[in-house]
Each structure stands twice: as structure tokens, then as C-alpha cells.
Amino acid sequence: MQTCKILPDATIPSAPLGFVVRRAQARLLASAGLCSWLLIVAPASARADAPAAPASAVSETAAGTWQFVDGTADAGLDGAQHSYLAPGTATEPDVIAGGVAAGDYDGDGWPDLFFVTGDAQPNRLYRNQGDGTFAEVGAAAGVAGALGRRQAGPAWIDLDGNGWLDLIIGAVDQLGVDVYWNNGDGTFTADVGHSGLERDPPRTGALRVYGVAAGDGDGDGDLDLALARWSDRGHQESPRLLWRNQGDGRFFDVSQEAGLGLIFQRRFVFTPFFADLDGNDVPDLALAQDFGNSSVFLDDGPATQLRYRFANTDVIDDENGMGAALADYDNDGDLDWFVTSIHDPDGIPEGN
């Protein structure tokens, strides 16, 4: 799940239950990855007009323990299926692609859902009706996309700082990311070069992006981006992972000067995070990476600059990182990192 821009002591407009987030507490900026997520949060207070969940969505046993049942069809989400026109041609990067993003794009207080669905059908945007059901509006909103695209890792992020969530979608088909600007009226305009993100000539594997993380790494009030690449090829000069926001929705690759050139040797990134890992109120980078251990990069410079240093320790030995989550699971005041991985006790990444 992605975050909106967080203002000091502000109530996030997209939070349906009135969550209050203070800047000092907002240490975690989540990312979109190739995995789907179930996020459980604690509301500041229950909203009086919040409707009950559909009867099929949750039930309580006589013993008082909660159980979940499949409510996909009742919610109107059963049309979000991932498929390819020619499944036999799907390579490994295609097979592991996909993704869903949750965010309140229309500002009505309810989280909406965007699904990447493969190249055989349009992508799906489901508008939350506020009663536990959703209506598909992708084509009407202008984000259904073109048939034939193989995409991944969508994210809702306010890229231009105007208070509305824009949509960014990764890709595995060598055509680069897509950006859709939120018009503030329920519709979007496709980016045609303003953002500066990933419109290079195709190179084998160079433009695969499986996920996006957003965070204000240089303290200038807008959201910078980390693009998760799963590829062994690309630019010789830069891993093209870290992109600085100029404040108007234009981005520039600053990976090399930020100290991230090291991962040019290992660019198989699946799930990136901006998060304050060392408690100094400046976002660091945590990257779940395949074909080698995942990586931590701690901020290493003035708070007004994007600069990082590699900070792995021996405890990070996941070998083949995939999806990930960050949270303070033991309530000790710092963030813990859960990484799903393919790990072999003998240290050889030969499979599950």
C-alpha cells in the first residue's frame, strides 16, 4: 500500500476512519511491490457513518475468534483477473509480474483499488462505493491502458504535490513506466514526457520495474521515488533506481551521486521502501533483492541531500528476497523488516 504526502500533524484525507499521523511518527513510507497486501491499522476513532462490512466478508465463531471468507464476488472485484494473450510466450519476468494499489484517488474518504491485469484485457480501476462494494471505472477514468502491455507494481503517489493521488505503473515489456496525472475530477491524463521517467530506447531487461516506493529523502516537501528493477542489464553509468522530484512532477535520476552505484552489480530489486531505519527522522532505503541478499542503505549526508551508504550486516542473509513489509511488530519503537525469500541452508540459491 502507498502513502499520501504527509503534512505535520495532519489528518490524511484518504484515510476512511480519520487517522491522525504526526510527522515524527510517520517513519514508514510503504511501497508497491509485486505482492498483494492485507493491511490492518488502528483508527483514531470509528466513524459514525461507516457501513458494516458485507455479510460474506467476515464472520465470528461461537468461540469469538475472527474468520475470513471470500467476499470478492460480493464486493464486485471478481473481474480483476491477470492473464496473457499468449501464455506460452510468457517469460519468467512476465510470470512474476502483477500488482494492486490502494488509494483514495477521488478524495471521497474511501480507498479505491487499481489492478494490473496482463496484456489480454484492460487494467482495472475499482471505485469504492463506501458500502463494501466497488464499481469498475478504468476506461471512464482514463487509466485502463492499452491492450498488449505487460505491467507490474502500480502505486498511488501525489507526484506533483497538488493534493491528488497520481498513478504510476511499472512494466516488464521494455516500454518503461506509465504515469497518469490526476485531474481532480475523477479522471486522469496520461503523461507524455513531463515526468522524465523511463522513456529510453529499449534494452533487454533495462526497463523492467516491479515496484515503486515514495519518500521525501531530501526534506524539500515533495516525494522522491525508488524504482524496483529486476534485471541484469541497463545503463552502464547508473542503476537508475533513485529519482529526485523537482517539485513539479519532474524527476531526475540521481542514483549514482546518491551512492547507489553499488547495486549496478546486483540490480534484481523487487520491493523497495523509504523508511527511517536508524531513528534520525531521515528516510533510509531498504531493498528486497533477488539473486543475493537484500540491501539496506542508510542516509549519509545532510538532510537536504539524497545520499546513502551501504549498511548491510551479517544478519541479512535472505539470499533471494521477494516481497517485504516494514513495521514495529514488537513495539520497541523501531522498525522491523520482514522479507519473503527463497533461502537454501547451504547458501546456494538453487530454488525453494
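Not measured: the values here are computed from a predicted model. (Residues numbered from 1 in each chain as written. Predicted model: local features only at pLDDT ≥ 70, side-chain atom pairs only at ≥ 80, totals over all residues. Heavy atoms only, no water.)

A.B. asks: Whenever I open this one, the overall build of the chain confuses me. Can you help?
C.D. replies: What the chain contains, in helices and strands, is three helices and 24 strands. The buried share of the chain, taken over its 352 residues, is 48%. A sequence separation of at least 24 residues applies to 53% of the contacts in the chain between residues at least 6 apart. For the chain, the accessible surface area stands at approximately 16,200 Å², while carbon and sulfur atoms represent 55% of it. (Helix = DSSP H or I, 4+ residues; strand = E, 2+ residues; numbered from the N terminus. Buried < 20%, exposed > 50% of the residue type's maximum accessible area, 1.4 Å probe, protein only. Contact = heavy atoms within 4.5 Å. Areas by Shrake-Rupley, 256 points an atom, 1.4 Å probe, with all protein chains shown as cover.)

A.B. asks: Sorry, what's going on with the pattern of salt bridges here?
C.D. replies: Oppositely charged side chains are able to pair whenever their charged atoms sit close together. Inspection of every chain in the model, using the stated rule, returns nine salt bridges. Residue aspartate 94 pairs with arginine 150 through a salt bridge whose shortest N-O separation is 2.8 Å. Of this pair, aspartate 94 sits in helix H2 (residues 92–95) while arginine 150 sits in the loop between helix H3 (138–141) and strand E11 (151–157), placing them 56 residues apart in sequence. Its relative accessible area of 11% is what places arginine 150 among the buried residues. One salt bridge connects arginine 244 with aspartate 218, and the closest N-O pair in it is separated by 2.9 Å. Placement of the pair is arginine 244 in strand E17 (residues 242–245) and aspartate 218 in the loop between strand E15 (211–215) and strand E16 (224–228), with a sequence separation of 26 residues. Its relative accessible area of 27% is what places arginine 244 among the partly exposed residues. (Salt bridge = Lys/Arg side-chain N within 4 Å of Asp/Glu carboxyl O.)

A.B. asks: Before we go on, may I ask you to explain the nonpolar core in this structure?
C.D. replies: If you look at soluble globular proteins, the nonpolar side chains tend to sit buried side by side. The biggest cluster of nonpolar side chains holds 16 residues, and the ones touching the most others in it are Ile157, Leu159, Ile168, Leu197, Val212, Leu225 and Leu227. Where this core is concerned, the elements lending two or more residues are E11, strand E13 (178–182), E15 and E16. In this structure, leucine 159 is in contact with Asp166, Val179, Trp181, Leu225, Asn245, Gly249 and Phe251, ignoring residues within four places of it in sequence. Within the second largest apolar cluster, 15 residues are counted, among which are Leu242, Phe274, Phe297 and Tyr308. (Core = buried A, V, L, I, M, F, W, Y, C linked by side-chain atoms within 4.5 Å.)

A.B. asks: Is there a simple way to think about the packing of aromatic side chains in this case?
C.D. replies: For any two aromatic rings, the description comes down to two numbers: the centre-to-centre distance and the angle of the planes. According to the stated counting rule, one finds seven aromatic pairs in the structure shown. Measuring from centroid to centroid gives 6.4 Å for phenylalanine 114 and tryptophan 156, while their planes differ by 80 degrees, and the two rings are edge-to-face. In this pair, phenylalanine 114 sits in strand E8 (residues 112–115) while tryptophan 156 sits in strand E11, placing the two residues 42 residues apart along the sequence. Between phenylalanine 115 and tyrosine 126 the ring centres are 5.7 Å apart and the planes differ by 90 degrees, which places this aromatic pair in the edge-to-face class. Separated by eleven residues along the polypeptide, phenylalanine 115 in strand E8 and tyrosine 126 in strand E9 (residues 124–128) bring together distant segments of the chain. For the pair phenylalanine 115 and tyrosine 126, one class covers both residues: buried. Three or more aromatic residues joined by ring pairs form one cluster here, namely Tyr105, Phe114, Trp156 and Phe188. (Phe/Tyr/Trp six-rings, centres within 6.5 Å; stacked < 30°, edge-to-face > 60°.)

A.B. asks: Mind showing me how you'd approach the sheet that holds strand E7 (residues 100–103) here?
C.D. replies: Consider a sheet: its strands pair through backbone hydrogen bonds, and that pairing is either parallel or antiparallel. Read across the sheet, four strands follow the order E7-E8-E9-E10 without closing on themselves; strand pairing throughout is antiparallel. Of all strands in the sheet, those bounded by a partner on one side alone are E7 and strand E10 (134–136). Within the sheet, the average angular offset between the axes of one strand and its neighbour, ignoring direction, is 20 degrees. (Pairing = 2+ DSSP bridges. Axes fitted to C-alpha atoms, helices over the stretch in contact; angles between N-to-C directions.)

A.B. asks: Is there a simple way to explain the environment of leucine 326 in this structure?
C.D. replies: Within the fold, leucine 326 resides in strand E23 (residues 321–327). Residue class for leucine 326 comes out buried when judged on its relative accessible area of 6%. Distance from leucine 326 to aspartate 336, taken between C-alpha atoms, is 5.6 Å for residues ten residues apart in sequence.

A.B. asks: What is the right way to read the environment of alanine 258 from this model?
C.D. replies: Its place among the elements puts alanine 258 in the loop between strand E18 (251–253) and strand E19 (269–275). Taking the C-alpha atoms as reference, alanine 258 lies 8.0 Å from leucine 242; in sequence the two are 16 residues apart. Ignoring any residue separated from it by four or fewer positions in sequence, one finds alanine 258 in contact with Leu242, Leu306, Arg307 and Tyr308.

A.B. asks: What exactly am I supposed to notice about the sheet that holds E13 here?
C.D. replies: With antiparallel pairing, the four strands of this open sheet are ordered in space as E11-E12-E13-E14. The two strands at the open ends of the sheet, each matched to only one other strand, are E11 and strand E14 (188–190). Here the average twist between neighbouring strands, direction ignored, is 20 degrees. Here three bridges tie strand E12 (residues 166–171) to E13, and the two strands are oriented antiparallel to one another. Bridge pairing in E13 links isoleucine 168 to valine 179.

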